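Fold and contact review
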Amino acid sequence: MEHRPLSELGHVADLKPSQVPQLSKRERLDRWAELLEQKPDRLLRTLDEIEWKPKAVRHAMRADDSALTVAFNDPVLRTAGLVSDRFGDAVNFFQISEHDAHIVLCSCHGGEFMRSEEAARRVRGIRSPRLWSLYFGWFR
């Protein structure tokens, strides 16, 4: 095998930068909701009382089989930049507030477990705030 610098390979091969999908915030949230809706009766773990944790702890929080695990297991979302199933990484990737992530993921809103269908409904609610009144009877 002959080793050459990348700058020389352009003359030998047709090199193209890898295609990383550019998803809008809405597309990311829609994809997450669609993934959750694929198995609506699946029980997902929630994150335990997010609001009471210090910021560093909160950002590192995760749980096996959570709504965040569903998102992180998706190759499209990982390729688009989701780096883990931790709370802080999800807030950054989905470009949502910690308050919105709290509504979707916290145990105080669904107990220790939440049906995947309910998590999807909440994701759609943070994507389209007008939907909150339909789901929860109040405006944000």
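The structure presented is a predicted model; accordingly, all values stated were derived computationally and were not measured.

1. Observations concerning helix α8 (residues 116-127)
An α-helix turns once every 3.6 residues. As a result, residues three or four positions apart point the same way. Here α8 is 12 residues long and its end C-alpha atoms lie 17 Å apart, about the 16 Å a rise of 1.5 Å per residue gives. Counting buried positions over the 12 residues of α8 gives 10, a clear majority of the element. Along α8, the residues classified as buried are Ser116, Glu118, Ala119, Ala120, Arg122, Val123, Arg124, Gly125, Ile126 and Arg127.

2. Things to note about the side chain of Arg28
Assignment of secondary structure puts Arg28 in helix α2 (residues 25-37). Here Arg28 is buried and forms no salt bridge, its nearest opposite-charge partner Glu27 lying at an N-O distance of 7.0 Å. Ignoring anything within four residues of it in the chain, the contact list for Arg28 reads Leu23, Leu77, Phe93, Phe94 and Gln95.

3. Remarks on empty space enclosed by the protein
Scanning the model with the defined rule gives one cavity of 30 Å³ or more in all. When its volume is computed, the largest cavity comes out at roughly 40 Å³. Taken together, Leu44, Arg45, Thr46, Ala67, Val104, Leu105, Met114 and Ala119 make up the lining of the largest cavity. Going through the elements one at a time, β1 (43-45) and α7 (98-105) are the ones with two or more residues in the lining of the largest cavity.

4. As for the environment of Met61
With respect to the helices and strands, Met61 occurs in the loop between α3 (55-60) and α4 (67-72). Met61 gets classed as buried once you look at its relative accessible area, which sits at 11%. Along the primary structure Met61 and Leu47 are separated by 14 residues, whereas in three dimensions their C-alpha atoms are 7.1 Å apart. Residue contacts for Met61: discarding those within four places in its chain leaves Leu47, Asp48, Ile50, Lys53, Asp85, Arg86 and Phe87.

Rules used throughout
Residues numbered from 1 in each chain as written. Predicted model: local features only at pLDDT ≥ 70, side-chain atom pairs only at ≥ 80, totals over all residues. Heavy atoms only, no water. Helix = DSSP H or I, 4+ residues; strand = E, 2+ residues; numbered from the N terminus. Expected span 1.5 Å × (residues − 1). Buried < 20%, exposed > 50% of the residue type's maximum accessible area, 1.4 Å probe, protein only. Lys, Arg positive; Asp, Glu negative; His and termini not counted. Salt bridge = Lys/Arg side-chain N within 4 Å of Asp/Glu carboxyl O. Contact = heavy atoms within 4.5 Å. 1 Å grid on protein atoms, 1.4 Å probe; cavity = no way out; pocket = protein on both sides within 12 Å on 5 of 7 lines; lining within 4 Å. Points joined across faces, edges and corners; volume = space filled by probe spheres on them.

Limitation: the analysis is restricted to geometry and does not speak to function.
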